[in-house]
Amino acid sequence: MTKEAVCTEIRKFVSRYQNLQASETRWQTPLVGFASATDPIFHKFKQIVTPTHSLPRDLLPDAGTVVAFFLPFDKSIVSSNITGRLASREWAQAYVDTNAFIQKVGQHMMNFIEKSGHAVFVTPPTHNFDPKILLSDWSHRHVAFAAGLGRFGLNNMLITEKGCCGRIGSFVTTLTIEPDSRPDREACLFKHNNSCQQCVSRCVNDALFTGEFNRHKCYDILLQNEQKHKTLGTADVCGKCLVAIPCATMDPVKALITLFKP
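Keep in mind it's a predicted model, so treat the numbers as computed, not measured.

Definitions and cut-offs
- Residues numbered from 1 in each chain as written.
- Predicted model: local features only at pLDDT ≥ 70, side-chain atom pairs only at ≥ 80, totals over all residues.
- Heavy atoms only, no water.
- Helix = DSSP H or I, 4+ residues; strand = E, 2+ residues; numbered from the N terminus.
- Polar contact = N/O pair within 3.5 Å; in protein donor to acceptor, adjacent residues only side chain to side chain.
- Contact = heavy atoms within 4.5 Å.
- Buried < 20%, exposed > 50% of the residue type's maximum accessible area, 1.4 Å probe, protein only.
- Pairing = 2+ DSSP bridges.
- Salt bridge = Lys/Arg side-chain N within 4 Å of Asp/Glu carboxyl O.
- Expected span 1.5 Å × (residues − 1).
- Arc of directions from axis to C-beta.
- Phe/Tyr/Trp six-rings, centres within 6.5 Å; stacked < 30°, edge-to-face > 60°.
- Axes fitted to C-alpha atoms, helices over the stretch in contact; angles between N-to-C directions.
- Parallel < 35°, antiparallel > 145°, perpendicular 65-115°, else oblique.
- Left-handed = near helix turned anticlockwise from the far one by under 90°.

(A) Just the side chain of His142, in detail. By the secondary structure assignment, His142 is in helix H6 (residues 140–146). A polar contact is formed between the side chain of His142 and the side chain of Ser139, at a distance of 2.8 Å. When residues no more than four places from it in sequence are discounted, the contact partners of His142 are Phe45, Ile48, Val49 and Phe152.

(B) Representation of unusual backbone geometry. Located in the positive-phi region is Asn156, a residue other than glycine, with phi close to 70 degrees. By secondary structure assignment, the location of Asn156 is in the loop between strand S6 (151–152) and strand S7 (158–159). With a relative accessible area of 27%, Asn156 lands in the partly exposed category. Its identity as a non-glycine residue notwithstanding, Ala244 has a phi of 55 degrees, on the positive side.

(C) The pairing of strand S2 (residues 65–72), seen in detail. By the criterion of burial, S2 is predominantly enclosed, with eight of the eight residues buried. Neither face of S2 is open: one carries Thr65, Val67, Phe69 and Leu71, the other Val66, Ala68, Phe70 and Pro72, and all of them are buried. Here six bridges tie strand S1 (residues 31–36) to S2, and the two strands are oriented antiparallel to one another. Residue pairing in the sheet places Leu31 in a bridge with Phe70 of S2. Where S2 lies against strand S8 (residues 166–173), eight bridges are found, and the strand directions are antiparallel. The residue of S8 that forms the bridge with Phe69 is Gly169.

(D) Focus on the pattern of salt bridges. Inspection of the entire model under this criterion finds six salt bridges. Between Glu24 and Arg89 there is a salt bridge, and its shortest N-O distance comes to 2.7 Å. On the criterion of sequence distance, the pair formed by Glu24 in the loop between helix H1 (3–20) and S1 and Arg89 in helix H5 (residues 89–114) is long-range, its members being 65 residues apart. Arg89 sits in the partly exposed class, given a relative accessible area of 42%. Asp251 serves as the salt-bridge partner of Arg185, at 2.8 Å between the closest nitrogen and oxygen. Of this pair, Arg185 sits in the loop between S8 and helix H7 (189–193) while Asp251 sits in the loop between helix H9 (215–228) and helix H10 (252–259); the two residues are 66 residues apart in sequence, bridging distant segments of the chain. For Arg185, a relative accessible area of 26% gives the class partly exposed.

(E) Looking closely at H1. An ideal rise of 1.5 Å per residue puts 26 Å on 18 residues; H1 measures up with 26 Å between its terminal C-alpha atoms. Taken together, the buried positions of H1 are occupied by Val6, Cys7, Glu9, Ile10, Phe13, Val14, Tyr17 and Gln18. Taken around the axis of H1, the buried residues stretch over an arc of 165 degrees, which confines them to a single face. Structural note: H1 exposes Glu4, Asn19 and Leu20 on the side pointing more than 90 degrees away from its buried face. Lining the buried residues of H1 we find S1, S2, H5 and S8.

(F) Looking closely at the packing of aromatic side chains. Evaluated as defined, the whole model comprises nine aromatic pairs. With 5.2 Å between their ring centres and 85 degrees between their planes, Phe73 and Trp91 make a pair best called edge-to-face. Taken as a pair, Phe73 in the loop between S2 and helix H4 (75–80) and Trp91 in helix H5 lie far apart in primary sequence, 18 residues in all. Given the relative accessible area of 2%, Phe73 is considered buried. Its relative accessible area of 3% is what places Trp91 among the buried residues. An aromatic cluster is defined as three or more aromatic residues linked by ring pairs; in this entry it consists of Phe13, Tyr17, Trp27 and Phe101.

(G) Structural detail: the pairing of S8. The buried count for S8 comes to eight of eight residues, which makes it a mostly enclosed element. Of the two faces of S8, the one lined by Gly166, Ile168, Ser170 and Val172 and the one lined by Arg167, Gly169, Phe171 and Thr173 are each fully buried.

(H) How the structure looks around the packing of H1 against H5. Two elements in contact, H1 and H5, have axes whose closest approach is 10 Å; the angle formed by their N-to-C orientations is 135 degrees. In terms of their interaxial angle, H1 and H5 are classed as oblique. In this structure, H1 crosses over H5, and the sense of that crossing is right-handed. Every residue of H5 that contacts H1 at Ala5, Val6, Glu9, Ile10, Phe13, Val14, Arg16 and Tyr17 is listed here: Phe101, Lys104, Val105, His108, Met109 and Phe112.

Structure (C-alpha cells):
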C-alpha cells in the first residue's frame, strides 16, 4: 500500500462523512504526514515531553510507520472563538465532534489497512494525559511534528500549512511507507524574526509568556469551559491563543517568504 493510497483514503473518508452526516462541525481537507516508527526523534520525546512517552513499537511491536493527520476547522469555527473570555459554543462543539471523529477516522483506516494484511494501532485523540503533570504518554502534536506536518509556535501549538486551528490524530501501522521530511524553518513569526507575540496577548488566563508556559493555569480555563459547555460533552478546551493571530489558518512565515521572494 502506497503513501498516496493512505492519504487519499483519509481525505475521502472525511469528505464522505461530512456529506452524509448531519454534523454541525465542518473541516477543511486534512493534512497527512508520515514518520518512520524507528526514527530516533521518538526517543527524544522521552526528554522533551515526558520520560514515559511511548515509542511506536511500544504500541505495536512490528510498527513500521506512524501516520499523523491534521483536521483543520472550517474558518467560521475559528472566527466564532475570537470574542469573549470563554470559548464559543461552536469552538467547544468542534472540539467534542472532532475528538469523536478522529476515533472514527482511526477505526476506518484500521479496517482499510488490515485488508492489505497489515496491522494498525489507533491511539485515543485526547484525555490520555497524567492529570497531575498534564503531560501525555503519546503527544499527537509531537508525533505530527515527527511526521513533518509543521513546527511549534510560541503558543505551543503545531503550525501546519493550514495553521494551528484544528485537531490532530495519529495511528501506528506495520506498513512501511517512506517518511516525510520535517520543515527546516520556523513557522512561528516570533521564532522567525521576533515580529509577533499575539498569542501571548490573546491568552485569557495569564498562562502564556514568551519564556514561560503555565500549563496548570491553562488547564484551569479549560475546566471553566468544560463546565460552561457541559451539555455538549467533554469540552475542556479554550483556543483563544489560536485565533485572531497570523498562524490561525496558515503558515505565516511561508506567506512572508513567498511575498518577498524575487
